[in-house]
Amino acid sequence: MELTFLDLVYARPGPYACAYLDTSRDVRDPEAAIRLRRRHLREDLAQQGADKATVAVVDDVAGSDREVSGRHGQAIFASHGHLALVEELAAPLAHDASRFSALPDVMPLAVQHAPDIPYAAATVHRVAHPETGAPDELEVDIQTGRWPSSAVAPETPHHRSGPAARWPHGAAEVAAELAELVHRTRAEVIVLGGEAWALNVLASRMSGPLRERVVTVGGDGHLAGEGRALLEQELSEVFRGRMSERDRARVETFRARRARHAHAVQGMPAVVAALQRAQAGALLLNTPVDLPVRLWAGAEPTQVALSSADLESFGILGFQEESPGAALIRALVRTGAELVVVPREELPLEDGVGALLRYTDPGVPL
């Protein structure tokens, strides 16, 4: 998974105010609940030393996602009185969290973007007009996205409708539109829901390679709710336990290289050493995330170490202890490395981390 969506955070200098807030709308009085959460958020950030302007920026955007229905959350990052990034969370954290620190705590947000599978979804449902006797119509909605982040940040769907009797012709047009969208977004899966007969006709109008990506589900073709993705529940079932093709390839490459003891390392000491040399092309991270150590970090992304003594030995000044997630993700983003989130039961890693290396240093043992 690429992490370029986090570039906006690091484009601003620290220190950063970070907030993870439950902004769900499926409770009895969501506005009252969110007001209480915002108050606690303001107090927590102020107690940690955040300046008033930055606290105000975070407070202003907290709970502003009123257009998103159901259960969800927000991740907010700000510094020096300016908003750096705000993103919807498909699932709020178990507890609201706030932090004011030199490095932004982006690990929970990054993990929620996984598996980051590009997809296209399409629904077809029949609209009858018994009151007028007009011919039945078929309504089609098409939406692309990246799962699971698009569950609560969906793109605008493409909508079309036409006489049901002309569907064999209309299906060819929809298939052509899907083909263009799949090509443009590199969608790995096409999820179809709605009327079975119409979906069969649509699939028959697709090219062979496109049909191989089709998964048909039992959805009725209607949106799950305001601000939610088309076929959200069905998408959740389709993608449960699934990795993106890119990440799956990274995992298999890691297995092969680890077996040969070449260009792959695991365990926090080896991973940190690779990040210090901008050597990691991808970090593999076990979920549930449980990183056993704290890390020390300096001003530069490669200035990361297991102890303050290590950084001192490099002549680095102005470092401080940081959460491992904050230090690791900054190093990945700023060196152009990827993140691969993999369940522990599928690929257990020493200390919960591993890395695919861009190159090996002959003078440093793997």
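On a predicted model such as this, the values are computed, not experimentally measured, just so you know. (Residues numbered from 1 in each chain as written. Predicted model: local features only at pLDDT ≥ 70, side-chain atom pairs only at ≥ 80, totals over all residues. Heavy atoms only, no water.)

A. The arrangement of the overall build of the chain in detail. A count of helices and strands for the chain gives twelve helices and 16 strands. Overall, the chain is about 80 × 55 × 30 Å in size when its C-alpha atoms are taken along their principal axes. Considering only intrachain contacts with a sequence separation of at least 6, the fraction spanning at least 24 residues in the chain is 73%. Carbon together with sulfur atoms contributes 51% to the accessible area of the chain, which is approximately 16,800 Å² in total. Distance from the positive charge centre (37 side chains) to the negative charge centre (50 side chains) of the chain: 3 Å. (Helix = DSSP H or I, 4+ residues; strand = E, 2+ residues; numbered from the N terminus. Contact = heavy atoms within 4.5 Å. Areas by Shrake-Rupley, 256 points an atom, 1.4 Å probe, with all protein chains shown as cover. Lys, Arg positive; Asp, Glu negative; His and termini not counted. Charge placed at Lys NZ, Arg CZ, Asp CG, Glu CD.)

B. Quick peek at the side chain of S244. As for its position among the elements, S244 is in the loop between α8 (232-239) and α9 (245-260). According to the relative accessible area criterion, S244 is buried, its value standing at 3%. A polar atom in the side chain of S244 sits 3.1 Å from the backbone nitrogen of D247. Ignoring any residue separated from it by four or fewer positions in sequence, one finds S244 in contact with P115, D116, I117 and E188. (Buried < 20%, exposed > 50% of the residue type's maximum accessible area, 1.4 Å probe, protein only. Polar contact = N/O pair within 3.5 Å; in protein donor to acceptor, adjacent residues only side chain to side chain.)

C. Structural view of the pairing of strand β11 (residues 280-287). Buried residues dominate β11, accounting for seven of its eight residues. Alignment of β11 against strand β16 (residues 353-357), held across five bridges, turns out to be antiparallel. Directly across from L284, in β16, lies its bridge partner G354. Across six bridges, β11 lies against strand β15 (residues 338-343) in parallel orientation. Across the sheet, N286 pairs through a bridge with V342, a residue of β15. (Pairing = 2+ DSSP bridges.)

D. Spotlight on unusual backbone geometry. Cis geometry marks the peptide bond from W147 to P148, where omega comes out at 10°. Positionally, P148 belongs in the loop between β6 (134-147) and β7 (158-163). For the peptide bond that leads from T287 to P288, omega is -5°, which places it in the cis range. Within the element layout of this structure, P288 appears in the loop between β11 and β12 (295-297). Residues other than glycine seldom take positive phi values, yet D116 does so here, at roughly 55°. Inspection of the secondary structure assignment puts D116 in the loop between α4 (107-113) and β5 (117-129).

E. Inspection of the sheet that holds β12 at higher detail. Here we have three strands laid out as an open sheet, ordered β13-β12-β14, and antiparallel in their pairing. In this open sheet, the two strands that pair with only one neighbour each are β13 (304-305) and β14 (320-322). Sheet analysis places β12 next to β13, joined by two bridges and oriented antiparallel. Within β13, the position partnered with W296 by the bridge is A305. Helix α12 (residues 324-335) contacts β12, β13 and β14 of the sheet and is inclined by roughly 50° relative to β12. (Axes fitted to C-alpha atoms, helices over the stretch in contact; angles between N-to-C directions.)

F. Just helix α5 (residues 167-185), in detail. A rise of 1.5 Å per residue sets the reference length of α5, with its 19 residues, at 27 Å; its end C-alpha atoms lie 26 Å apart and thus fit the reference within 8%. On the buried face of α5, the contacting elements are β5, β6, β7, β8 (189-194), α6 (196-204) and α7 (208-211). (Expected span 1.5 Å × (residues − 1).)

G. Fine view of the packing of α5 against α6. It is the contact of α5 with α6, at a shortest axis distance of 8 Å, that shows an interaxial angle of 60°. With respect to each other, α5 and α6 are oriented oblique. Between α5 and α6 lies a crossing of right-handed hand. Along the contact surface, α5 presents W167, P168, A171, V174, A175 and L178, while α6 presents W197, A198, V201 and L202. Residues belonging to the contact of α5 with α6 are distributed by class as follows: ten nonpolar, no polar and no charged. (Parallel < 35°, antiparallel > 145°, perpendicular 65-115°, else oblique. Left-handed = near helix turned anticlockwise from the far one by under 90°. Nonpolar A, V, L, I, M, F, W, Y, C, P; charged D, E, K, R; others polar.)

H. Layout of the pairing of β16. For β16, the tally of buried residues reaches five of five residues, placing the bulk of the element in the interior. Burial of β16 is two-sided: the residues V353, A355 and L357 facing one way and the residues G354 and L356 facing the other way are all buried. The pairing of strand β10 (residues 264-266) with β16 spans three bridges and is antiparallel. Within the sheet, the bridge partner assigned to Q266 lies in β16 and is G354.

I. Structural detail: the sheet that holds β15. In space, the four strands of this open sheet follow the order β10-β16-β11-β15, with mixed pairing throughout. One side of each edge strand has no neighbouring strand; the edge strands of this open sheet are β10 and β15. Between one strand axis and the next, the sheet turns by 20° as a mean value, whatever way the strands run. The strands touched by helix α10 (residues 268-276) within the sheet are β10, β11 and β16, with β16 carrying the most contacts at an inclination of about 40°.

Function-wise, these values are silent; they only describe arrangement.
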